[in-house]
Amino acid sequence: MTETLLGLAFVDESGVAPAIDVDGSRFRWGTSSWADQGLVRDGGFYPRKTMTATERLAYYCSQMPLAEIATTYRFPPTPDLARQWVARTPAGFCFDVRAWSLLTEAPTLPDSLWEDLQVEVRPETRHRRRLYSSHLSGDALEECWLRFEHALRPLDNSGRLGVVILQFPSWFTPKAETRAALVKARNRLADYRVAVDFRSSKWLVGAQCEDTLEWLESHDIGFVCTDGPMAGPRAVPPVIAATSDTALVRFVGRRAIDSDPWPWPYRYSDPELIDAAVRVRELAASTSEVHVIMDNTWQGDAVDNALTLASLVAAS
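Residues numbered from 1 in each chain as written. Predicted model: local features only at pLDDT ≥ 70, side-chain atom pairs only at ≥ 80, totals over all residues. Heavy atoms only, no water.

Participant: It is not clear to me how the overall build of the protein should be interpreted in this structure. Could you clarify?
Facilitator: Looking only at helices and strands, the protein has nine helices and 11 strands in total. The C-alpha atoms of the protein give 19 Å as radius of gyration, which agrees with the globular expectation for 316 residues (20 Å, within 12%). Considered along the principal axes of its C-alpha atoms, the protein spans approximately 60 × 45 × 40 Å. In the protein, which comprises 316 residues, the share counted as buried stands at 53%. A separation of at least 24 residues holds for 73% of the contacts in the protein among residues at least 6 apart in sequence. When the accessible area of the protein is evaluated, it comes to approximately 14,300 Å², of which 51% is carbon and sulfur surface. Of the side chains in the protein, 33 bear a positive and 42 a negative charge, and the two mean positions are spaced by 5 Å. (Helix = DSSP H or I, 4+ residues; strand = E, 2+ residues; numbered from the N terminus. Rg over C-alpha atoms; globule rule 2.2 N^0.38 Å. Buried < 20%, exposed > 50% of the residue type's maximum accessible area, 1.4 Å probe, protein only. Contact = heavy atoms within 4.5 Å. Areas by Shrake-Rupley, 256 points an atom, 1.4 Å probe, with all protein chains shown as cover. Lys, Arg positive; Asp, Glu negative; His and termini not counted. Charge placed at Lys NZ, Arg CZ, Asp CG, Glu CD.)

Participant: Got a minute to help me understand the environment of Thr-31 in this structure?
Facilitator: By secondary structure assignment, the location of Thr-31 is in strand 4 (residues 25-31). Assessed through its relative accessible area of 0%, Thr-31 is described here as buried. With sequence-adjacent residues up to four places away left out, Thr-31 is seen in contact with Tyr-60, Met-64, Leu-66, Ala-67, Glu-68, Ile-293, Met-294, Ala-302, Val-303 and Ala-306. A polar atom in the side chain of Thr-31 sits 2.8 Å from the backbone oxygen of Ser-33. (Polar contact = N/O pair within 3.5 Å; in protein donor to acceptor, adjacent residues only side chain to side chain.)

Participant: Help me out: how do you make sense of the packing of helix 8 (residues 270-284) against helix 9 (residues 301-315) in this one?
Facilitator: When two helices pack together, you describe them by how their axes are tilted relative to each other and by the distance separating the axes. In contact at an axis separation of 9 Å, helix 8 and helix 9 are set at 55° when each is read in the N-to-C sense. One finds that helix 8 runs oblique with respect to helix 9. Read as a crossing pair, helix 8 and helix 9 show a hand that is right-handed. Together, Asp-270, Leu-273, Ile-274, Ala-276, Ala-277, Val-280 and Arg-281 of helix 8 and Asn-305, Thr-308, Leu-309, Leu-312 and Val-313 of helix 9 make up the contact between the two elements. (Axes fitted to C-alpha atoms, helices over the stretch in contact; angles between N-to-C directions. Parallel < 35°, antiparallel > 145°, perpendicular 65-115°, else oblique. Left-handed = near helix turned anticlockwise from the far one by under 90°.)

Participant: Help me out: how do you make sense of the nonpolar core in this one?
Facilitator: General note: in soluble globular proteins, nonpolar side chains tend to be found buried as a group. Phe-27, Leu-113 and Leu-182 are the most contacted members of the largest nonpolar core, which has 85 residues in total. Ignoring sequence-local partners within four residues, the contact set of Phe-27 consists of Ala-19, Ile-20, Val-22, Val-280, Val-290, Val-292, Ala-310 and Val-313. (Core = buried A, V, L, I, M, F, W, Y, C linked by side-chain atoms within 4.5 Å.)

Participant: Which parts of the structure should I look at to understand unusual backbone geometry?
Facilitator: What is expected of a backbone is that most residues other than glycine have negative phi and most peptide bonds are trans. Its identity as a non-glycine residue notwithstanding, Asp-220 has a phi of 55°, on the positive side. Following the sequence through the fold, Asp-220 ends up in the loop between helix 7 (207-218) and strand 9 (222-227). For Asp-220, a relative accessible area of 42% puts it in the partly exposed group. Even without a glycine there, the phi angle at Gln-299 is positive, about 50°. Judged by its relative accessible area of 34%, Gln-299 falls in the partly exposed class.

Set out below in structure tokens:
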């Protein structure tokens, strides 16, 4: 390893940055995008602005062992696209994949639905600007789940699939029917590691928090911890816990806000990252793998923070 201004440059002979061993647990770090326009154009992370998409991903892999594929939230992946991700990354690299919004009861772009399934949209909802799972027939929705699961097979077969992240909307609150929906989603992705990213704080306040975490653990569903604002409408309960064999933490920035739009950018300070490194080690003590995703994508902030956090974890 060689010292850099940002932290440590992690490179091994395979061309992939190796996961860090933390008392027997593996720590992987990365960002929610390796191709964000601001990162490519202004971030200063990539050695040359003229690099091809393939060259950029290869360089990213040499610095970080994990990336989140967030674009799959808006458009479902295809097997061919998954095979390209496999072909362009070295063995040992890992992708966490965000599930398509239609599968998590969130508003979805109608054009993201496969053309041959468009006829399965209920006629009275076809003119709407957003598509919801309730707009489809039961058979069509089941086919969507099957195609999404099948598209991830190349990643899983190659050992590059990390965790499938189910991001539910704010109105998905704790009750019998939402828990049933979570169990059904978990069963549809039975061969994969699955985690849930709640956007409603009702799952994590008061006595409900412990009930939620115990319930997730009993169904082998991971919990996505979020490091975010402590005040304002987007405030996130500061819950750090592992409910499966892989713990996940998403860093979105701690700036307190009281109105939209979200005030970008937010770059984590060194003291904040030192605190984060302590919490990563605490999570590692209770699970076999920890994934950290920096989602503060503004120019080079996410990659800089991810590399610095990795160096702090390695040194502690």
